[in-house]
Amino acid sequence: MNETISSYDDVVEMLDSLLREPTDFWNAFYEDRDKKIPFFVNKPDENLVSYFENQFMQPGNVLELGCGPGRNALYFAEKGCTVDAVDLSEESLRWAEERANEKEVSVNFIHKNIFELQLKEEAYDIIYDSGCFHHIAPHRRMSYLNLLSHSLKPGGYFAITCFVKGGELGGADITDWEVYRRRSLQGGLGFTEESLRTIFNRFEVVEIRRMKDFENDQQCFGTSALWTALFRKS
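Note that the structure is predicted; figures quoted are calculated from it, not measured.

What counts, and where the lines are drawn
- Residues numbered from 1 in each chain as written.
- Predicted model: local features only at pLDDT ≥ 70, side-chain atom pairs only at ≥ 80, totals over all residues.
- Heavy atoms only, no water.
- Axes fitted to C-alpha atoms, helices over the stretch in contact; angles between N-to-C directions.
- Helix = DSSP H or I, 4+ residues; strand = E, 2+ residues; numbered from the N terminus.
- Parallel < 35°, antiparallel > 145°, perpendicular 65-115°, else oblique.
- Left-handed = near helix turned anticlockwise from the far one by under 90°.
- Contact = heavy atoms within 4.5 Å.
- Patch = residues over 30% accessible without salt bridge, like charges linked within 9 Å, V, L, I, M, F, W, Y side chains within 5 Å.
- Areas by Shrake-Rupley, 256 points an atom, 1.4 Å probe, with all protein chains shown as cover.
- Salt bridge = Lys/Arg side-chain N within 4 Å of Asp/Glu carboxyl O.
- Lys, Arg positive; Asp, Glu negative; His and termini not counted.
- Charge placed at Lys NZ, Arg CZ, Asp CG, Glu CD.
- Buried < 20%, exposed > 50% of the residue type's maximum accessible area, 1.4 Å probe, protein only.
- Expected span 1.5 Å × (residues − 1).
- Polar contact = N/O pair within 3.5 Å; in protein donor to acceptor, adjacent residues only side chain to side chain.
- Pairing = 2+ DSSP bridges.
- Arc of directions from axis to C-beta.
- Phe/Tyr/Trp six-rings, centres within 6.5 Å; stacked < 30°, edge-to-face > 60°.
- Lys NZ or Arg CZ within 6 Å of the ring centre and 35° of its normal.

Peer 1: Would you mind going over the packing of helix α3 (residues 46-53) against helix α4 (residues 71-78) with me for this structure?
Peer 2: What describes two packed helices is the angle between their axes and the distance between those same axes. Following both chains from N to C, one finds α3 and α4 inclined at 15°, their axes separated by 11 Å at the closest point. Here α3 lies roughly parallel to α4, going by the angle between them. Once α3 is placed against α4, the crossing between them reads as right-handed. Here Leu48, Val49 and Phe52 of α3 lie close against α4, whose contacting residues are Asn72, Tyr75 and Phe76.

Peer 1: Just to check I follow, could you spell out a negative patch on the surface for this structure?
Peer 2: On the surface, Glu168, Asp213, Glu215 and Asp217 cluster together to form a negatively charged patch. Of note, Asp213 is situated in the loop between β6 (204-210) and β7 (226-232). A residue is classified by how much of its surface remains accessible, and Asp213, at 52% relative accessible area, is exposed.

Peer 1: Help me understand the side chain of Thr228, please; the structure alone is not making it clear to me.
Peer 2: With respect to the helices and strands, Thr228 occurs in strand β7. Aside from chain neighbours lying at most four places away, what touches Thr228 is Asn47, Tyr51, Ile160, Thr161, Glu207, Ile208, Arg209 and Met211.

Peer 1: Explain helix α5 (residues 90-103) here, please?
Peer 2: The α-helix advances 3.6 residues per turn, and as a result positions three or four apart in sequence lie on the same side. Over its 14 residues, α5 extends 20 Å from the first C-alpha to the last, a length consistent with the 20 Å expected when each residue adds 1.5 Å. For α5, the complete set of buried residues consists of Glu91, Ser92, Leu93, Trp95, Ala96, Arg99 and Ala100. Between a side-chain oxygen at the N-terminus of α5 and the backbone nitrogen of Glu91 the separation is 3.3 Å; the capping residue is Ser89. Residue Glu104 follows α5 closely and has a positive phi angle near 55°.

Peer 1: Even after reading the chapter, I still don't get the sheet that holds β7, so can you show me in this structure?
Peer 2: Strand pairing within a sheet occurs via backbone hydrogen bonds; the two strands may be parallel or antiparallel. Spatially, β3-β2-β1-β4-β5-β7-β6 is the arrangement adopted by the 7 strands of the open sheet, whose pairing is mixed. Pairing within the sheet leaves two strands with one partner each, and these edge strands are β3 (108-111) and β6. This sheet shows a mean twist of 15° between the axes of neighbouring strands, independent of strand direction. Note: strand β4 (residues 124-130) against strand β5 (residues 152-163), 6 bridges, orientation parallel.

Peer 1: Honestly, helix α6 (residues 141-151) in this entry has me stumped. Any pointers?
Peer 2: Inspection of α6 places Arg141, Tyr144, Leu145, Leu147, Leu148 and Ser151 among the buried residues, and these make up the whole buried set. Along the axis of α6, the buried positions cluster into a sector of 155°, meaning they face one direction only. Those residues of α6 hidden inside the fold are in contact with β1 (61-65), β4, β5, α7 (176-182) and α8 (193-199).

Peer 1: For this particular structure, what's the right way to read the environment of Pro38?
Peer 2: Within the secondary structure, Pro38 is located in the loop between α2 (22-31) and α3. Those residues in contact with Pro38 that sit more than four places away from it in its chain are Leu169 and Phe221.

Peer 1: Sorry if this is basic, but what is going on with the pattern of salt bridges here?
Peer 2: Where charged atoms from two side chains of opposite charge approach closely, those side chains can pair. Summed over the entire model, instances satisfying the criterion amount to 14 salt bridges. For Glu91, the salt bridge is made with Arg94, and the minimal N-O distance between the two is 2.9 Å. With Glu91 and Arg94 both in helix α5 and 3 residues apart, the pair spans about one turn of that helix. Its salt-bridge partner being Arg209, residue Glu207 comes within 3.4 Å of it at the nearest N-O pair. When its relative accessible area of 16% is taken as the criterion, Arg209 is described as buried.

Peer 1: Just to check I follow, could you spell out the packing of aromatic side chains for this structure?
Peer 2: The geometry of an aromatic ring pair comes down to the distance between the two centres and the angle between the two planes. Tallying each qualifying case throughout the model produces 23 aromatic pairs. Aromatic side chains Tyr30 and Phe40 sit 5.6 Å apart centroid to centroid with 25° between the ring planes, which places their arrangement in the stacked category. Of this pair, Tyr30 sits in helix α2 while Phe40 sits in the loop between α2 and α3, and the two are 10 residues apart along the sequence. For the pair Phe133 and Phe200, a centre-to-centre distance of 5.2 Å together with 55° between the ring planes defines the contact as tilted. Residue Phe133 is found in the loop between β4 and α6, and its partner Phe200 is found in the loop between α8 and β6; the two are separated by 67 residues along the sequence. Here Phe200 falls in the buried class, since its relative accessible area comes to 0%. Aromatic ring contacts, followed pair by pair, group Phe25, Trp26, Phe29, Tyr30, Phe39, Phe40 and Trp95 into a single cluster. The residue whose ring lies beneath Lys35 is Phe29, and the NZ or CZ to ring-centre distance is 4.2 Å. The ring of Trp227 has Arg210 sitting right over it, with the charged end atom 5.4 Å from the ring centre.

Printed below as a string of structure tokens:
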């Protein structure tokens, strides 16, 4: 790391260095596929299914941020979408590729940090994030928002699922300042409906609600410990 701070990028790099380096953590996280992690199931998010059923979303070009083992990316592909799915964990992408081969669907899995992507302007009809955003530090939010604004087509949709503040699965109830005092995201930040509206205020709100609870024997993944939100780019 550059010892002299002379640019915005230097500030971002310095703040990144205060927090856990994510790649090794996520590779280790996905190594044991038998762990009782709720979202290891190979089912799409219930809210995502509802967006297609309610015709908010149609087949088109999709970018998924932090795709993990690929369960939502595969659903997009099955609905006729062209899908780029990004994750920084090689282990998760290896699992995702296996699932794609089993279902005989095509997804372009990309091994990269989302902030290192070189994306074309207004290339995507849909950008989807299921569980990535709450692991992003506050100082990276502006870069995240700029990625959305740059890559999403006018009229395109951005959808997110993230931790409810103080929720059952996680959702640290700490301030942005406290992240840097503790040098930790405490397993993932929690949000409120108000904070999501504030952070994504450059987009039109279509829907913000708690995810619906789904049982293990149902065809979708759902837990009310997560927010679901759908936004539209004007």
